[in-house]
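Summary of the model geometry
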Amino acid sequence: MRISDPEIVAKLAEMTVELQHGAALADLTSLGIGGTTDLLRIRKHESLPDLLNLLDANEVQHKFLGGGSNLLVGDGELPWVVLQLVRPEPDVVLEGNFAHVDAAADLGRMITFCAKNDFGGMEGLIGVPGTVGGALRMNAGAYGMQIGNYVREVKLYRAAGRKIETLRGHQISFEYRHTSFAPDDMMLSVILELPSKPFKLILEGIRICNEKRRSSQPLGQKSAGCIFKNPPGASAGRMIDELGLKGLAVGDACVSDRHANFFVNVGHASAKDMLRLIANVRERVQKNYGVELENEVVVWNA
Ligand code: EPU
């Protein structure tokens, strides 16, 4: 979708929103898949209510993009514009054991910054690509921890009330790869309470997690992490592997040889290829195990 009305363009500039025409979502997602649309980059959180009112008044549909690392976007010209926060400097401020973090901050860099200041707890998430906002929305977790355990406060734009709100940690429910945030809520910033831990010890935890991840996941390839959630008490990756589906491909969309719940783009896969591969694998797991796998990857199909 393209914004060409000069009145809207002028209003965006007044709001300090940067308009990038025809951004390729393939360049903004870790899967390297996705069509084109206009990208609106937001510098000031406070401009969101006015911006969303402007878009609604002009019937411009929109979606919020974080780091694009858990996302499968449709092909071709997309019927909505994409909103993304510009990362401020600094994006992490420490105050005692509390880390005040902007949602646009890079998750790995935030963990490392806190570690260097002797605050730990988040070691398991090292190596997970994406922004802190994205990790928060999905309640990202790995190696026995999840980000939700450390959340004390979240500032977010709530589309339902069209305003910026602050929620205390206990007002949010964090479950396995799921939170009580509404799909159209936009994460703006978070306060994490992190345990004090000497840098050397945190580094040791980081090293162990990095090794585990390197040995079991296809880190150098274009992927969106795990495609399916694990069903209760089972591993989607193990089931897909047991069915001998590693290497199964539709076009350039391929089940990873390294971890069967990672589907990789080995060249120029389209969303159509990847969606067909997902449907194919889901069907085979359903047929053989009687289990309906649920997507972990977020799909924005036009
Ligand atoms: N396994 C296989 N074959 C495979 C993959 C896994 O047999 O191709 C077996 C492993 O040997 C192991 C078991 O399945 O015995 C579980 O595998 P793994 O430890 O890799 O964990 P997972 O359940 O597949 C989950 C998360 C990952 C997270 C790891 C580590 C989900 C869907 N996946 O994977 O998160 O990094 O644990 O904590 O919850 C993600 O969220 O995108 C993600 C990759």
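Refer to the structure presented above.
My aim in this report is to walk through the structure given alongside it, one point at a time.

How each quantity is defined
- Residues numbered from 1 in each chain as written.
- Predicted model: local features only at pLDDT ≥ 70, side-chain atom pairs only at ≥ 80, totals over all residues.
- Heavy atoms only, no water.
- Phe/Tyr/Trp six-rings, centres within 6.5 Å; stacked < 30°, edge-to-face > 60°.
- Helix = DSSP H or I, 4+ residues; strand = E, 2+ residues; numbered from the N terminus.
- Buried < 20%, exposed > 50% of the residue type's maximum accessible area, 1.4 Å probe, protein only.
- Salt bridge = Lys/Arg side-chain N within 4 Å of Asp/Glu carboxyl O.
- Polar contact = N/O pair within 3.5 Å; in protein donor to acceptor, adjacent residues only side chain to side chain.
- Contact = heavy atoms within 4.5 Å.
- Disulfide = S-S within 2.5 Å.
- Near = heavy atom within 4 Å.
- Areas by Shrake-Rupley, 256 points an atom, 1.4 Å probe, with all protein chains shown as cover.
- Nonpolar A, V, L, I, M, F, W, Y, C, P; charged D, E, K, R; others polar.
- Pairing = 2+ DSSP bridges.
- Axes fitted to C-alpha atoms, helices over the stretch in contact; angles between N-to-C directions.

This next bit is on the packing of aromatic side chains. As enumerated under the stated definition, the model contains three aromatic pairs in all. Relative to W300, the ring of W80 lies with its centre 5.6 Å away and its plane at 80°, an arrangement referred to as edge-to-face. Of the two residues, W80 sits in the loop between β4 (71-73) and β5 (81-85) while W300 sits in strand β18 (residues 298-300), which places them 220 residues apart along the sequence. The exposure class of W300 is buried, given its relative accessible area of 10%. Their ring planes at 80° and their centres at 6.3 Å tell us that F174 and F181 sit as a pair that is edge-to-face. F181 matches F174 in its accessibility class, with the two residues each being buried.

Pairing between side chains of opposite charge can happen when the charged atoms of each approach one another. Applying the stated criterion to the full structure yields 16 salt bridges. In this structure, E89 engages R87 in a salt bridge whose closest nitrogen and oxygen atoms are separated by 3.4 Å. Take E89: its relative accessible area is 64%, and that puts it in the exposed class.

Let us look at the side chain of S256. Note on placement: S256 falls in the loop between β16 (253-255) and β17 (263-265). Of the polar contacts made by the side chain of S256, one reaches the backbone nitrogen of R258; its length is 2.9 Å. Ignoring any residue separated from it by four or fewer positions in sequence, one finds S256 in contact with P218, K246, G247, F262, F263 and V264.

Turning our attention to the state of the cysteines. Per the stated rule, a full pass over the model turns up zero disulfides. The thiol sulfur of C209 is not disulfide-bonded, and the nearest other cysteine sulfur, from C226, lies at 15 Å.

Moving on, we come to the site of the ligand. Inspection of the region around the ligand gives 20 residues, with Y176, N230, R238, D241 and E296 positioned closest. Here Y143 contributes a backbone N or O atom positioned 2.8 Å from an oxygen atom of the ligand. In the environment of the ligand, an oxygen atom lies 2.7 Å from a nitrogen or oxygen atom belonging to the backbone of C226. Protein burial of the ligand: of its 820 Å² of free accessible surface, 73% is covered by the chains. If you tally residues by element for the shell around the ligand, the top one is helix α6 (residues 236-242), at three residues. Across the shell around the ligand, the residue classes break down as seven nonpolar, seven polar and six charged.

Bringing the sheet that holds strand β10 (residues 151-158) into the picture now. Strand order in the open sheet formed by five strands is β6-β7-β14-β10-β11, with antiparallel pairing between adjacent strands. Every other strand in the sheet has two partners, leaving β6 (92-95) and β11 (163-168) as the edge strands with one partner each. On average, each strand axis in the sheet is tilted by 15° relative to the strand beside it, whichever way the strands run. When β10 meets β11, the two strands line up antiparallel, connected through six bridges.

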